[in-house]
Amino acid sequence: MSQTVARNGASDLDKSTIDYAAIADPGHGNSVAGWTGVIVMLIGVTIGCVGFTIHTATITYVGIGVVVLGLIAGIILRAVGLGNKPKKK
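So, a few notes on the structure that sits alongside this text. Just so it is clear, the structure is predicted and the values come from calculations on it, not from any experiment.

Within the protein, the regular secondary structure consists of 3 helices and 0 strands. The helix and strand sequence of the protein, counted from the amino end, reads α-α-α. Long-range pairs, those at least 24 residues apart, make up 58% of the contacts in the protein with a sequence separation of at least 6. Looking at the protein as shown, the accessible area adds up to about 7,500 Å², and 67% of this sits on carbon and sulfur atoms.

See below:
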């Protein structure tokens, strides 16, 4: 017969040193800049995959260009204030 032992985490973990306020909101990029950049890049990857699949270099390069435009759009939107706000320490 085997016995199961309940564990509550590492025995050497000092829970008093954890800053729970800092890890409460990790900031996963839920912003207009983040979502716009990702959606445009996903469209670009889709276009590029279609072009690659049908062996058309022009469509593949257009898809790559759209991915770059998505990256630039995300950076510009973040610069104008639509990205996540930096955390103050």
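The phi torsion at H55 lies on the positive side, around 60 degrees, for a residue other than glycine. Secondary-structure assignment places H55 in the loop between α2 (32-53) and α3 (57-82).

On to the side chain of S31, then. Position of S31 relative to the elements: it lies in the loop between α1 (20-23) and α2. Of note is the side chain of S31, whose polar atom sits 3.1 Å from the backbone nitrogen of G34. S31 has contacts with L82, G83 and N84, leaving out every residue within four places of it along the chain.

With that settled, consider a nonpolar patch on the surface. A surface patch of nonpolar side chains, amounting to about 860 Å² of accessible area, comprises V32, Y61, I64, V68, L69, I72, I76, V80 and L82. The dominant element in the nonpolar patch, judged by the number of residues it contributes, is α3, at 8 residues. Relative to the helices and strands, I64 resides in helix α3. Judged by its relative accessible area of 47%, I64 is partly exposed.

Considering the arrangement of structural elements, one finds V66 in helix α3. A C-alpha to C-alpha distance of 9.0 Å links V66 and L42, two positions 24 residues apart in sequence. Beyond its immediate stretch of four places on either side in the chain, V66 contacts V40, I43, G44 and I47.

Conventions adopted
- Residues numbered from 1 in each chain as written.
- Predicted model: local features only at pLDDT ≥ 70, side-chain atom pairs only at ≥ 80, totals over all residues.
- Heavy atoms only, no water.
- Helix = DSSP H or I, 4+ residues; strand = E, 2+ residues; numbered from the N terminus.
- Contact = heavy atoms within 4.5 Å.
- Areas by Shrake-Rupley, 256 points an atom, 1.4 Å probe, with all protein chains shown as cover.
- Polar contact = N/O pair within 3.5 Å; in protein donor to acceptor, adjacent residues only side chain to side chain.
- Patch = residues over 30% accessible without salt bridge, like charges linked within 9 Å, V, L, I, M, F, W, Y side chains within 5 Å.
- Salt bridge = Lys/Arg side-chain N within 4 Å of Asp/Glu carboxyl O.
- Buried < 20%, exposed > 50% of the residue type's maximum accessible area, 1.4 Å probe, protein only.

The values reported here are purely geometric and, on their own, carry no functional implication.
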